[in-house]
Amino acid sequence: MRYLILSDIHANWEGLEAVMNDAAGHYDTIVCCGDIVGYGPDPNAVTEWVRGNVSAIVRGNHDKVCCGIEDPEDFNPIARAASIWTWKELSADNRAYLRELPQGPAAHAGFDLVHGSPLHEDDYMVSRSDVFAVALKLQPALTFFGHTHLQGGFLIVRRRNIGSLGKPMVGSRPAALQLESHANYLINPGSVGQPRDGDPRAAYAIFDSETKIVFFFRVPYDIETTQGKIRKAGLHDQLARRLQTGC
Ligand code: ZN
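Residues numbered from 1 in each chain as written. Predicted model: local features only at pLDDT ≥ 70, side-chain atom pairs only at ≥ 80, totals over all residues. Heavy atoms only, no water.

Participant: Mind laying out the overall build of the protein, listing which residues take part and the relevant values?
Facilitator: Assigned secondary structure in the protein consists of eight helices and 12 strands. Over its C-alpha trace the protein gives a radius of gyration of 17 Å, about what one expects of a compact globule, namely 18 Å for 247 residues. Counting only C-alpha atoms, the protein reaches 50 × 35 × 30 Å along its principal axes. Every one of the 247 residues in the protein was classed for burial, and the buried ones make up 55%. Considering only intrachain contacts with a sequence separation of at least 6, the fraction spanning at least 24 residues in the protein is 71%. Element-wise, carbon and sulfur atoms account for 50% of the exposed surface of the protein, whose accessible area totals about 10,500 Å². (Helix = DSSP H or I, 4+ residues; strand = E, 2+ residues; numbered from the N terminus. Rg over C-alpha atoms; globule rule 2.2 N^0.38 Å. Buried < 20%, exposed > 50% of the residue type's maximum accessible area, 1.4 Å probe, protein only. Contact = heavy atoms within 4.5 Å. Areas by Shrake-Rupley, 256 points an atom, 1.4 Å probe, with all protein chains shown as cover.)

Okay, structure coming up:
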């Protein structure tokens, strides 16, 4: 089975469209690590697409805030304003869908899905030191996560030795990671809609459960159109500018 792994789409329709065109024919089913909405200008189109196409998903912190489950008190002012705009923009149906999204970890066939960390859905796993506590308790051989918007992740051997996968795909060729049976893996496919690793291209991954290979991809998309929509919606200009730099 080939799984298309998506995360942090953040209401970016053009990013999602580019990923789906790029990945067409190379996967059997789609899973998502959350943050469908927030920041971006197309929350309804993206949520409707997820409702119709994704077979397994966990909620992200922006999904919770944008549908009213949580207050945006921990958000910076730009993210808070975007979450209020998104809440107003979302249809009642889409808001109800977001409210029902499951909390991670969610066990899937052969792997887990989480948004932030296996220990808490809102925790960030950025550096190896963030993973120490996780490594001691980690059960599944493979966990996909998002939240940091950084493509890559970690491998853990004997619960103690933690290695960073770095930034797997830098050029134009996809990167392949062969999973080894003696290690546990925490894999981040990167963000479809708001990359923050210095590469503005939309990010995704494909996992082949038969060969045990994870492929990392980046694909350019029509950033200018998304920026135009962000400005037209009256969202903060920083949300448009950061798409250009991928930071
Ligand atoms: Zn996010």
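Participant: Let's hear about the coordination of the zinc ion: which residues, and what values?
Facilitator: Protein-derived coordination of the zinc ion comes from D8 (OD), H10 (NE2), D35 (OD) and H149 (NE2), at a distance range of 2.1 to 2.3 Å. Between the four donor atoms coordinating the zinc ion, the angles at the centre fall across 87 to 177°, so the site counts as irregular. Along the chain, the residues that donate to the zinc ion are spaced as D-x1-H-x24-D-x113-H. You can see H10 sitting in the loop between β1 (2-6) and α1 (13-23) and its partner H149 sitting in the loop between β6 (142-144) and β7 (152-157), a full 139 residues away along the chain. Here H10 matches H149 in class, with each residue buried. (Donors = N, O, S within 2.8 Å, 3.2 Å for Na, K, Ca; no water. Tetrahedral: all angles 85-135°; square planar, octahedral: opposite > 155°, others 65-115°.)

Participant: Please give an account of the packing of α1 against helix α2 (residues 43-53) that cites residues and values.
Facilitator: A pair of packed helices can be characterised by two numbers: the angle between their axes and the separation between those axes. The contact between α1 and α2 brings their axes to 9 Å, and the two run at 35°. On the side of α1, the interface is formed by W13, L16 and M20, while α2 contributes A45, V46 and W49. For the contact of α1 with α2, the class distribution of residues is six nonpolar, no polar and no charged. (Axes fitted to C-alpha atoms, helices over the stretch in contact; angles between N-to-C directions. Nonpolar A, V, L, I, M, F, W, Y, C, P; charged D, E, K, R; others polar.)

Participant: Could you give an account of the sheet that holds β1, with specific residues and numbers?
Facilitator: Across the sheet, which stays open at both edges, the six strands sit in the order β3-β2-β1-β11-β12-β9 with mixed pairing between neighbours. Two strands lie at the open edges of the sheet, namely β3 (56-57) and β9 (175-178), each paired on one side alone. Alignment of strand β2 (residues 29-32) against β3, held across two bridges, turns out to be parallel. Bridge pairing in β3 links C32 to I57. (Pairing = 2+ DSSP bridges.)

Participant: Give me the lowdown on the pairing of strand β10 (residues 183-188), citing residues and values where you can.
Facilitator: Here β10 lies mainly inside the structure; six of its six residues are buried. By the alternation rule, side chains of β10 split into A183, Y185 and I187 and N184, L186 and N188, which are all buried. Bridge count between β7 and β10: six bridges; the pairing is antiparallel. Bridging across to β10, G153 finds its partner in I187.

Participant: Describe the nonpolar core, listing the residues and the values that go with them.
Facilitator: In terms of nonpolar packing, the biggest core is built from 41 residues, with L6 and Y204 touching the most fellow members. Of all the elements, α1 adds the most residues to this core, at five residues. Apart from residues lying up to four places away in sequence, Y204 is in contact with L4, I5, L6, V19, D22, A23, Q151, P189, F215, F216, F217 and V219. Membership of the second largest hydrophobic core comes to 24 residues, among which are A56, F111, L142 and F144. (Core = buried A, V, L, I, M, F, W, Y, C linked by side-chain atoms within 4.5 Å.)

Participant: Describe the packing of α2 against helix α5 (residues 92-99), listing the residues and the values that go with them.
Facilitator: Two elements in contact, α2 and α5, have axes whose closest approach is 10 Å; the angle formed by their N-to-C orientations is 55°. The angle between the axes of α2 and α5 places the two elements in the oblique class. Crossing handedness for the pair α2 and α5: left-handed. From α2, N44, T47, E48, V50 and R51 reach across to α5, where they touch D93, N94, Y97 and L98. Its residues assigned to classes, the contact of α2 with α5 comprises three nonpolar, three polar and three charged. (Parallel < 35°, antiparallel > 145°, perpendicular 65-115°, else oblique. Left-handed = near helix turned anticlockwise from the far one by under 90°.)

Participant: Please set out the side chain of S7 residue by residue, giving values where relevant.
Facilitator: For S7, the position within the fold is in the loop between β1 and α1. Exposure remark for S7: the relative accessible area of 0% places this residue in the buried category. Here the side chain of S7 touches D8 through a polar contact of 2.7 Å, side chain to side chain. (Polar contact = N/O pair within 3.5 Å; in protein donor to acceptor, adjacent residues only side chain to side chain.)

Participant: Kindly report on the pairing of strand β8 (residues 161-164), identifying the contributing residues and their values.
Facilitator: The side chains of a regular strand alternate between the sheet's two faces. Note: β7 against β8, four bridges, orientation antiparallel. When the bridges of β8 are listed, V157 appears paired with N161. Linking two consecutive strands that pair antiparallel, namely β7 and β8, is a turn of three residues; a positive phi of about 50° is found at R158 within it.

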